[in-house]
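Secondary and tertiary structure notes
Spelled out from the first residue to the last, the chains are:
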Amino acid sequence: MAMNFDQLKNDWSNNEVVSTEVSESMLKIKDARTPIDQIRKKMKHEFLWQIISLLVMALAPKILGFSSNLSSTYFLFFSIVCGFTAYYFFKFYTFYKHSYDLSLDSRKNLLWFYYEMKINIELYKALTYIVSFIYLSFGAIALFITRGNILVKLLEKIPLTYILLNAAITVLIIGLITESWAKYSYGKHLKRLKVIIESIDEE
Amino acid sequence: MLETQQAFLKQINENKGIIHKVSKMYMDNAVDQEDLFQEIVMQLWKAFPSFKSTSKFSTWMYRVALNTAIIFFKKDNRKIDKAPLNEQIEIADINDSHEKEEKLTYLYKAVQELNQIEKALIFLFLENQSHREIAQNLGITEVNARVKLNRTKEKLQQIIKKNGYEF
């Protein structure tokens, strides 16, 4: 026997819902329980950590007792890092603000968040690579400035293939850490959203 | 700010039945239902500045509520309790003699086996929305909404039948 959905619809409409009054206290965030909330929360934490690390980095020449030459070089690199970080956080802030508007239709809403999130993750990865390589470059220059003679002698002794191999391993380690961190932090949330998008797009 | 908050609370309390029903549709136990209810209220409040008074409050609310419910997840990834429905309902609603309410209890239990989008389709259908409105809310074509809804109705019927109940 076919199910009577019209009757069910009537029962549904006539069913009186007993619900508690919505109060002011309900308007405060308690626990993050949607991928969007969790991503927002994680990004907010990372934002704070980036600010703290930038502040520590700004004090590095004083803490490590850099010479005036080395300090000038350091601040040149540091200002480039600040520029890239500021760009990333501007992009993230725009995304963060917009993410509270859930009034689009479900498909658009899911797609918007999914792709914006992907772009932000790629930007985040790019930022990590850029910052890492800037600091590595500074490290190399600092070695030339402070230990120039020893370094030249060392480079004469070490074969070029060994230096290249070391550089490749360093790049690989940075890449591996960045990719794993991004996957661990955001991967499962993206996967969850992708499953829902697939079910809405299913013909 | 306080005025906006009061206006918002007034509107929400007038339409809270929608949130309550969405919560029951998407979560299978009272604790999660309460959490989802609060999450929807909170998301509505955060999105309230973007609400344009040219559209109906309840229409806007359907969208935000459903969009929140679709991506909301259980805290500890508990699995759906697959025990036979009749056993559970006898325990849960031992004093419930009303056929209609029993039917809805079975419905709420059965929809837990549907995916997030199928739940949205059934919910909007039960809320008396046309195929066109369902399509607009979900962002799919009207034809697709019709096909998906029919498929979901069949699936729901099978779940209810499998669990030893018919209506």
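All figures in this text were calculated on a predicted structure; none of them were measured in a lab. Position numbers for residues count from 1 along each chain, tracking the sequence in the order it is written. All chains are assigned letters beginning at A, and all ligands numbers beginning at 1, according to the order in which they are written. Given that this is a predicted model, residues contribute local features only at a pLDDT of at least 70 and side-chain atom pairs are listed and counted only at 80 or more, while totals for whole chains, interfaces and linings are drawn from all residues. Hydrogens and waters are ignored; side-chain quantities use all the structure's heavy atoms.

Thoughts on the overall build of chain A
Put simply, the rule reads: Put simply, DSSP marks the helices as runs of H or I at least four residues long and the strands as runs of E at least two long, and each gets a number from the N terminus on. Burial classes follow relative accessibility: with a 1.4 Å probe on protein chains only, a residue under 20% of its type's maximum area counts as buried, one over 50% as exposed, and anything between as partly exposed. For this analysis, residues touch if any pair of their heavy atoms sits within 4.5 Å. Surface accessibility follows the Shrake-Rupley procedure with a 1.4 Å probe radius. Residue values consider only the protein chains on display as shielding. Think of it this way: Lys and Arg go in the positive column, Asp and Glu in the negative one, and His and the chain ends go nowhere. Where a charge lies is defined by one atom per residue type: Lys uses NZ, Arg uses CZ, Asp uses CG and Glu uses CD.
Assigned secondary structure in chain A consists of five helices and zero strands. Each helix and strand of chain A, ordered N terminal to C terminal, gives the series α-α-α-α-α. Projected onto its principal axes, the C-alpha coordinates of chain A cover approximately 90 × 40 × 20 Å. In chain A, which comprises 203 residues, the share counted as buried stands at 35%. Long-range contacts, defined as pairs at least 24 residues apart, comprise 80% of the intrachain contacts of chain A with a sequence gap of at least 6. Per element, the accessible surface of chain A, about 12,700 Å² overall, is 66% carbon and sulfur. Here chain A contributes 23 positively and 18 negatively charged side chains, and the mean placements of these two sets differ by 14 Å.

Description of the interface of chain B and chain A
Rules: The term buried area means the drop in 1.4 Å probe accessible area that two parts suffer when joined, counted for both and summed. Any Lys or Arg side-chain nitrogen located within 4 Å of an Asp or Glu carboxyl oxygen qualifies as a salt bridge. Here a polar contact is taken to be a pair of N or O atoms separated by no more than 3.5 Å, where protein atoms must pair a possible hydrogen donor with a possible acceptor and residues adjacent in sequence count only if both atoms sit in side chains. Throughout, the ten residues Ala, Val, Leu, Ile, Met, Phe, Trp, Tyr, Cys and Pro are labelled nonpolar, Asp, Glu, Lys and Arg are labelled charged, and all others, Gly among them, are labelled polar.
Taken together, the contact pairs 62 residues of chain B with 52 residues of chain A. Together, the buried faces of chain B and chain A total about 5,400 Å²; carbon and sulfur atoms form 60% of this surface. Put simply, chain B and chain A have two salt bridges between them. Put simply, A:Glu21 and B:Lys16 hold a salt bridge, and the shortest N to O gap is 3.2 Å. Our enumeration of links across chain B and chain A arrives at 15 residue pairs in polar contact (both at pLDDT 80 or more). Counting residues per element, the ones that place at least two in the side of chain B that touches chain A are helix 1 (2–26), helix 2 (30–47), helix 3 (57–71), helix 5 (99–111), helix 6 (116–126), helix 7 (131–138) and helix 8 (142–162) of chain B. Residues that form the side of chain B that touches chain A fall into these classes: 27 nonpolar, 18 polar and 17 charged.

Regarding the nonpolar core
Stated formally: Only buried Ala, Val, Leu, Ile, Met, Phe, Trp, Tyr and Cys residues count toward a nonpolar core, and they belong to the same one when joined by side-chain atoms within 4.5 Å. Each domain's limits were defined by an automated method or a database of domain assignments.
By size, the foremost hydrophobic cluster in this structure holds 98 residues, and its most contacted members are A:Met117, B:Tyr26, B:Leu44, B:Phe123 and B:Leu156. Of all the elements, helix 4 (residues 106–157) of chain A adds the most residues to this core, at 12 residues. Viewed by domain, this core spans two of them, domain 1 (1–78) and domain 2 (83–167) of chain B, each represented by three or more residues. If we ignore the near neighbours within four places in the chain, the residues touching B:Leu44 are B:Phe8, B:Ile12, B:Ile19, B:Trp60, B:Met61 and B:Val64.

Structural notes on the packing of helix 5 of chain B against helix 8 of chain B
Residues and elements named next belong to chain B. Heads up, the rule is: Lines fitted to the C-alpha atoms define the axes, with helices restricted to the stretch that makes contact. Angles between their N-to-C directions range from 0 to 180 degrees. Just so you know how the angles are binned, under 35 degrees is roughly parallel, over 145 roughly antiparallel, 65 to 115 roughly perpendicular, and the rest oblique. The handedness criterion is simple: a crossing whose near helix is rotated anticlockwise from the far helix by less than a right angle is left-handed, and one whose near helix is rotated clockwise is right-handed.
Where helix 5 contacts helix 8, the two axes come as close as 10 Å, and the packing angle between them is 110°. One element, helix 5, and the other, helix 8, form an angle in the roughly perpendicular class. Between helix 5 and helix 8 the crossing geometry is right-handed. Here Leu107, Ala110 and Val111 of helix 5 come into contact with helix 8, specifically with Leu156, Ile159 and Ile160. Among the residues forming the contact of helix 5 with helix 8, the class breakdown is six nonpolar, no polar and no charged.

Notes on the packing of helix 1 of chain B against helix 3 of chain B
All names here are of chain B. It is the contact of helix 1 with helix 3, at a shortest axis distance of 10 Å, that shows an interaxial angle of 30°. As the angle between them shows, helix 1 and helix 3 are arranged roughly parallel. Every pair of crossing elements has a handedness; the one defined by helix 1 and helix 3 is right-handed. Taking contact as the criterion, the partners of Gln11, Ile12, Asn15, Lys16, Ile18, Ile19, Val22 and Tyr26 in helix 1 are, on helix 3, Phe57, Ser58, Met61, Tyr62, Ala65, Leu66, Ala69 and Ile70.

Notes on helix 1 of chain B
Every α-helical turn comprises 3.6 residues, leaving residues that sit three or four positions apart pointing alike. Quick note on the threshold: Any helix carries an expected span of 1.5 Å times its number of residues minus one. Working definition for bend: take the seven residues up to and ending at a residue and the seven starting at it, fit an axis to each, and measure the angle between the axes.
Compared with an ideal rise of 1.5 Å per residue, which puts 25 residues at 36 Å, helix 1 of chain B spans 32 Å between its outermost C-alpha atoms and falls more than 12% short. Of all bends in helix 1 of chain B, the biggest is about 60°, found at B:Asn15.

So, the packing of aromatic side chains
Residues and elements named next belong to chain A. Filter applied, for reference: Planes of paired rings set the category: under 30 degrees apart is stacked, over 60 is edge-to-face and the rest tilted, where pairs are Phe, Tyr or Trp rings (Trp by its six-membered ring) whose centres lie within 6.5 Å.
Going through the model one piece at a time under the given rule, you end up with 33 aromatic pairs over all chains. Between the aromatic rings of Tyr88 and Phe89, the centroid separation amounts to 5.0 Å while the plane-to-plane angle is 70°, which identifies the pairing as edge-to-face. Neither residue differs from the other here; Tyr88 and Phe89 are each classed as buried. Measuring from ring centre to ring centre gives 5.3 Å for Phe95 and Phe113, while their planes differ by 35°; the resulting arrangement is tilted. Taken as a pair, Phe95 in helix 3 (residues 68–98) and Phe113 in helix 4 lie far apart in primary sequence, 18 residues in all. Aromatic rings pair up to connect Phe47, Tyr88, Phe89, Phe92, Phe95, Tyr96, Trp112, Phe113, Tyr124 and Tyr186 into one cluster.

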